[in-house]
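The residues making up each chain are set out below.
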2 protein chains.
Amino acid sequence: MAENSVFVGNKPVMNYVLAVLTQFNSGATEVSIKARGRAISRAVDVAEIVRKRFLPDVDVKDIKISTEQIDSEQGTANVSAIEIILAKK
Amino acid sequence: MAENSVFVGNKPVMNYVLAVLTQFNSGATEVSIKARGRAISRAVDVAEIVRKRFLPDVDVKDIKISTEQIDSEQGTANVSAIEIILAKK
């Protein structure tokens, strides 16, 4: 399990890019980017922007998708989730 | 390269689930689910629904993310893309 992770929500994508860069700059060798539901697309954006624009020596080590159950007013609902693990080469 | 692929757009998710099931039922051993931009979340939904509800003997063989350049009125723009390869166990 990556020791550092960034959970992507509805804020602007650069907020999360900055969070990932900060963790790598403070010595992390792996950073896990996690998201659920519609934020999954933004999580992929974050991983791609970090790799292409800021840290070319970082690679995608693994990507996992899963289904999580969340409680809502109407009972439990299934939501897709993604975990993208970035690691220094 | 998976010989069969389904490109996920803005239609209801079950349209794409059906397309993937149809390809497996007509003998495909691998089906690649592709999407760009905001449809990436839906592509993950499609893969999860196919695996969890319909074809438990299908697994995620590989997931790739990338950045593609698309032409828009304002010139070329970068958009994230995903490819999820499902394969029979």
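Parameters and conventions
Within every chain, residues take consecutive numbers counted from 1 along the sequence as written. Both sets of labels track the order of writing: A upward for chains, 1 upward for ligands. pLDDT decides what is reported in this predicted model: residues at 70 or higher carry local features, side-chain atom pairs at 80 or more are listed and counted, and totals for whole chains, interfaces and linings draw on all residues regardless. As a rule here, side-chain values cover all heavy atoms of the structure and leave hydrogens and water aside. Definition used in this section: a nonpolar core is a set of buried Ala, Val, Leu, Ile, Met, Phe, Trp, Tyr and Cys residues joined via side-chain atoms within 4.5 Å. With a 1.4 Å probe rolled over the protein chains alone, any residue whose accessible area is under 20% of its type maximum counts as buried; one over 50% counts as exposed, and the rest are partly exposed. Whether two residues are in contact is decided by their heavy atoms: any pair within 4.5 Å suffices. In this analysis, axes come from line fits to C-alpha atoms, helices being fitted only over the stretch in contact, and the angle between any two N-to-C directions falls in the range 0 to 180 degrees. In this text, helices come from DSSP runs of H or I with a minimum length of four residues, and strands from runs of E with a minimum of two, each type numbered from the N-terminal end. When an angle is under 35 degrees it counts as roughly parallel; over 145 it counts as roughly antiparallel; between 65 and 115 it counts as roughly perpendicular; any other value is oblique. Crossings are sorted by hand: turned counterclockwise from the far helix by less than a right angle, the near helix makes the crossing left-handed, and turned clockwise it makes it right-handed. Lys, Arg, Asp and Glu make up the charged group, whereas Ala, Val, Leu, Ile, Met, Phe, Trp, Tyr, Cys and Pro make up the nonpolar group; the residues left over, Gly among them, are polar. Strands qualify as paired when DSSP identifies two bridges or more between them. A crossover gets the label right-handed when its path from the first strand over the helix to the second runs clockwise, viewed with the strands pointing away from the viewer. For this analysis, a polar contact is any N or O atom pair within 3.5 Å, provided that within protein one partner can donate a hydrogen and the other can accept it, and provided that sequence-adjacent residues contribute only side-chain to side-chain pairs. Residues reaching a pLDDT of at least 70 in both copies supply the C-alpha atoms on which the copies are superposed by least squares. Confidence of the predictor at the level of single residues is given by pLDDT, which spans 0 to 100. Buried area: the accessible surface (1.4 Å probe) lost by two parts on joining, summed over both. A pair is scored as a salt bridge if a Lys or Arg side-chain nitrogen falls within 4 Å of a carboxyl oxygen belonging to Asp or Glu.

One recurring pattern in soluble globular proteins: nonpolar side chains tend to sit buried together. Grouped together as the largest cluster of nonpolar side chains are 52 residues, with contacts concentrated most on A:I82, A:I84, B:I82 and B:I84. If sequence neighbours within four positions are ignored, A:I82 has contacts with A:I33, A:K34, A:A35, A:I40, A:A43, A:V44, A:I63, A:K64, A:I65 and B:I82.

For the rest of this paragraph, the subject is the packing of helix α1 (residues 13-25) of chain A against helix α2 (residues 39-54) of chain A. All names here are of chain A. Two elements in contact, α1 and α2, have axes whose closest approach is 9 Å; the angle formed by their N-to-C orientations is 55°. Here α2 runs oblique to α1, going by the angle between their axes. Here α1 runs over α2; the crossing is right-handed. Taken together, the residues of α2 that come into contact with α1 (itself represented by V13, M14, Y16, V17, V20 and L21) are R42, D45, V46, I49, V50 and F54. Looking at the contact of α1 with α2 residue by residue, the class counts come to ten nonpolar, no polar and two charged.

Here the focus is the pairing of strand β1 (residues 4-7) of chain A. Along any regular strand, the residues point their side chains to alternate faces of the sheet. Residues and elements named next belong to chain A. Judged from the four bridges that link them, β1 and strand β2 (residues 30-36) form a sheet pairing that is parallel. Its bridge partner being in β2, S5 is matched across the sheet by S32. Crossover β1 to β2 through α1 is right-handed.

Our next topic: the side chain of A:S80. Along the chain, A:S80 falls in strand β4 (residues 75-88). Taking the relative accessible area as the measure of exposure, A:S80 reaches 5% and is therefore buried. At 2.4 Å, the side chain of A:S80 forms a polar contact with the side chain of B:D45. Those residues in contact with A:S80, other than ones at most four positions away along the chain, are A:A35, A:R36, A:G37, A:I40, A:S66, A:T67, B:V44, B:D45 and B:E48.

Copies of the same chain, two in number, are related to each other by a rotation about an axis and a translation along it. Expressed as a screw operation, the relation of chain A to chain B combines 0.0 Å of axial shift with a rotation of 180°, fitting to an RMSD of 0.0 Å. The transformation relating the two chain copies, once decomposed into turn and shift, fits a two-fold axis. Using C-alpha coordinates, one finds that chain A approaches the rotation axis most closely at A:S41, a distance of 2.7 Å. Both copies present the same face, since 100% of the interface residues in chain A are matched by interface residues at the equivalent positions in chain B.

The subject of this paragraph is the confidence of the model for chain A. Mean pLDDT for chain A: 94, with 97% of residues reaching 70 or above. The complex prediction reports pTM at 0.92, with the ipTM value standing at 0.91.

Counting from both sides, the interface comprises 20 residues of chain A and, opposite them, 20 residues of chain B. Interface area lost by chain A to chain B is led by A:S41, A:I63 and A:I65, which between them contribute 39%. Our enumeration of links across chain A and chain B arrives at zero salt bridges. The interface formed by chain A and chain B includes nine residue pairs in polar contact (both at pLDDT 80 or more). Listing elements by their share of the side of chain A that touches chain B, those giving two or more residues are α2, β3 (58-72) and β4 of chain A.

With that settled, the discussion passes to the environment of B:Q74. Residue and element names in this part refer to chain B. The residue Q74 is located in the loop between β3 (58-72) and β4 (75-88) in this model. According to the relative accessible area criterion, Q74 is exposed, its value standing at 70%. In sequence terms Q74 and G27 are 47 residues apart; their C-alpha atoms lie 43 Å from each other.

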